[in-house]
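Given next are the chains, with one letter for each unit.
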Amino acid sequence: MNVLLSLFLHILSFSLTVSGRPATFLQDFRVTWAESHTRQIDGGRAIQLILDQNSGCGFASKSKYLFGRVSMKIKLIPGDSAGTVTAFYLNSDTNTVRDELDFEFLGNRSGQPYTVQTNIYAHGKGDREQRVNLWFDPAAAFHTYSILWNHHHIVFYVDEVPIRVYKNNEAKNIPFPKFQPMGVFSTLWEADNWATRGGLEKIDWSKAPFYAYYKDFDIEGCPVPGPTNCAANPGNWWEGSGYQALNALEARRYRWVRINHMIYDYCTDKSRYPVPPPECFAGI
Ligand SMILES: *[C@@H]1O[C@H](CO)[C@@H](O)[C@H](O)[C@H]1NC(C)=O
């Protein structure tokens, strides 16, 4: 076959199976909660979420995806954000057997560190919270938050730093999300009954409205419905050898986060789990 033609077919098949960075918010997403509290900015390339006493708000991807990597740049609420939660998560939207991968940014009083809570639901079971205090001010600038999800593991990244790894340990009978596609969601809401210092710090509504910003949406994955066998294709870049385990640099950064910035791990919470769940011993 003519080289150019085969190159063209290759590019065509790539663009059919893998979705990439959209130019605008509306290409991949829609507002799912309180349109009045969202605003597209920068020609639709970014979105502002607004929380006030009337409402929070949220958006979701139009498609669901099976495996891939999702990332966004987010700038969180500055100043006194206590009692607010800004979330970015993947969810299968299937009630009883829900799979879900959560980033939840828990606001704080001015000058106190933001906490990132992550959680993982596999086959309907969650309760796997971990918390990390961010080592920078996430309201001063945009930072990249990503979730990598392939057949080998799930990794949560803050910029280039892995803050959480959940390995596929199905061989040890530990559930791993892999049958259900998940949508991409974001919400900004009030949760002052639990979010900041366990609910002790309430929202100061005199500081409202609160604003969070999202941009550079990037979903690379297999849309479902979509091309058959996309998700099982070992040729997808996110399944490649460089993505099947942390590399040495990532492993070093991951250790650094866990030693210096992790403030809670369900695996070591003896009051909740006198016997820690099996995945806590399965290694990464
Ligand atoms: C808020 O700041 C306090 C004091 O530094 C800290 O203990 C807490 O982990 C921070 N985050 C939340 C969500 O409460």
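For every chain, the first residue of the written sequence is number 1, and numbering continues from 1 onward in sequence order. In keeping with the predicted nature of the model, local features appear solely for residues at pLDDT of at least 70, side-chain atom pairs appear and are counted solely at 80 or more, and the whole-chain, interface and lining totals rest on all residues. Excluding hydrogens and water, the side-chain figures rest on all heavy atoms present in the structure.

A. Examining the site of the ligand more closely. The cutoff for a nearby residue is simple: one of its non-hydrogen atoms must lie within 4 Å of the molecule or strand. Around the ligand sit Leu106, Gly107, Asn108, Gln112, Pro113, Thr115, Ala195, Thr196, Arg197 and Ile263, and that is every residue in its neighbourhood. We define a polar contact as two N or O atoms separated by no more than 3.5 Å, with the added condition that, inside protein, one atom must be a possible hydrogen donor and the other a possible acceptor, whereas residues neighbouring each other in sequence contribute only through side-chain atom pairs. One nitrogen or oxygen atom from the side chain of Asn108 is found 2.5 Å from an oxygen atom belonging to the ligand. Between Thr115 and the ligand, the recorded distance is 2.8 Å, taken from a side-chain N or O atom to a nitrogen atom. Methods summary: accessible areas were calculated by the Shrake-Rupley approach with a probe of 1.4 Å, and residue burial reflects only the protein chains presented. For the ligand, whose unbound accessible area comes to 360 Å², protein coverage reaches 72%. Each residue is assigned to one class: nonpolar for Ala, Val, Leu, Ile, Met, Phe, Trp, Tyr, Cys and Pro, charged for Asp, Glu, Lys and Arg, and polar for all the others, Gly among them. For the shell around the ligand, the residue count by class is four nonpolar, five polar and one charged.

B. View of the packing of aromatic side chains. Classification of ring pairs rests on two measures: the distance between centres of Phe, Tyr or Trp rings, Trp counted by its six-membered ring, which must be within 6.5 Å, and the angle between planes, read as stacked under 30 degrees, edge-to-face over 60 and tilted in between. This structure, assessed with the given rule, holds 22 aromatic pairs. Residues Trp189 and Trp194 carry aromatic rings whose centres are separated by 6.2 Å and whose planes lie at 50° to one another, so their mutual orientation is tilted. Summary of the burial criterion: residues with accessible area below 20% of their type's maximum are buried, those above 50% are exposed, and those between are partly exposed, where the area comes from a 1.4 Å probe applied to protein chains only. Assessed through its relative accessible area of 25%, Trp189 is described here as partly exposed. Look at Trp194 and you get partly exposed, because its relative accessible area is 25%. Aromatic rings pair up to connect Phe25, Phe29, Phe59, Tyr214 and Phe217 into one cluster. Placement of a positive charge over a ring is assigned whenever Lys NZ or Arg CZ falls within 6 Å of the ring centre and within 35 degrees of the normal to the ring plane. For Lys215, the ring lying beneath its charged end belongs to Phe142, and the centroid distance is 4.3 Å.

C. Structural context of the state of the cysteines. Defined by distance alone, a disulfide is two cysteine sulfur atoms within 2.5 Å. Scanning the model with the defined rule gives two disulfides in all. The disulfide partner of Cys222 is Cys230, and the gap between their sulfur atoms is 2.0 Å. Between Cys222 and Cys230, the S-S dihedral sits near -70°, and the bridge is therefore left-handed. For the pair Cys222 and Cys230, one class covers both residues: buried. Disulfide pairing places Cys267 opposite Cys280 at an S-S distance of 2.0 Å. The disulfide joining Cys267 to Cys280 has a torsion of about -80° about its S-S bond and is therefore left-handed. Highlighted residues: Cys267 in the segment after strand E14 (262–265) and Cys280 in the segment after E14, separated in sequence by 13 residues. We classify Cys280 as partly exposed; its relative accessible area is 23%. The secondary structure listing takes helices from DSSP runs of H or I that are at least 4 residues long and strands from runs of E that are at least 2 residues long, numbered from the N terminus.

D. Highlighting helix H3 (residues 248–260). With 13 residues, H3 extends 18 Å between its outermost C-alpha atoms, agreeing within 8% with the 18 Å of an ideal straight helix rising 1.5 Å per residue. Taken together, the buried positions of H3 are Glu250, Ala251, Tyr254 and Val257. Projection of H3 onto a plane perpendicular to its axis shows the buried side chains occupying an angular sector of 120°, all on one side. Opposite the packed face of H3, turned more than 90 degrees from it, sit the exposed residues Ala248 and Ile259. We call two residues in contact when some of their heavy atoms are within 4.5 Å. Buried-residue contacts for H3 involve strand E8 (130–133), strand E10 (153–158), strand E11 (161–167) and E14. One fewer than the residue count of a helix, multiplied by 1.5 Å, yields its expected span. To be clear, the arc concerns the directions from the helix axis to the C-beta atoms.

E. The arrangement of the pattern of salt bridges in detail. Criterion for a salt bridge: a side-chain nitrogen of Lys or Arg within 4 Å of a carboxyl oxygen of Asp or Glu. Using the criterion set out here, one finds 14 salt bridges in the structure. Among the salt bridges present, the one from Asp80 reaches Lys207, with a minimum N-O distance of 3.7 Å. In this pair, Asp80 is assigned in the loop between strand E4 (57–75) and strand E5 (84–91) and Lys207 in the loop between strand E12 (182–190) and strand E13 (210–224), connecting sequence segments 127 residues apart. Residue Asp80 is classed as buried on the basis of its relative accessible area, which comes to 11%. For Asp265, the salt bridge identified is with Arg258, shortest N-O distance 3.3 Å.

F. Seen up close, the environment of Ala232. By secondary structure assignment, the location of Ala232 is in the loop between E13 and H3. A sequence separation of 74 residues divides Ala232 from Val158, and the C-alpha atoms of the two residues are 27 Å apart.

G. How the structure looks around the environment of Gly242. Position of Gly242 among the secondary structure elements: in the loop between E13 and H3. Residues Gly242 and Leu51, 191 residues apart in the sequence, show an inter-C-alpha distance of 40 Å.

H. Up close: the confidence of the model for the protein chain. For the protein chain, the mean per-residue pLDDT works out to 93, and 92% of the residues sit at or above 70. The pLDDT score gives, residue by residue, the confidence of the prediction method on a 0 to 100 scale. Per-residue pLDDT stays below 50 along residues 5–17; that stretch engages in eight contacts with residues further than four places along the chain or on separate chains.

I. Up close: the environment of Ser110. In this fold, Ser110 is placed in the loop between strand E6 (100–106) and strand E7 (115–121). Measuring from C-alpha to C-alpha, the distance between Ser110 and Tyr243 comes to 37 Å, with 133 residues separating the pair along the chain.

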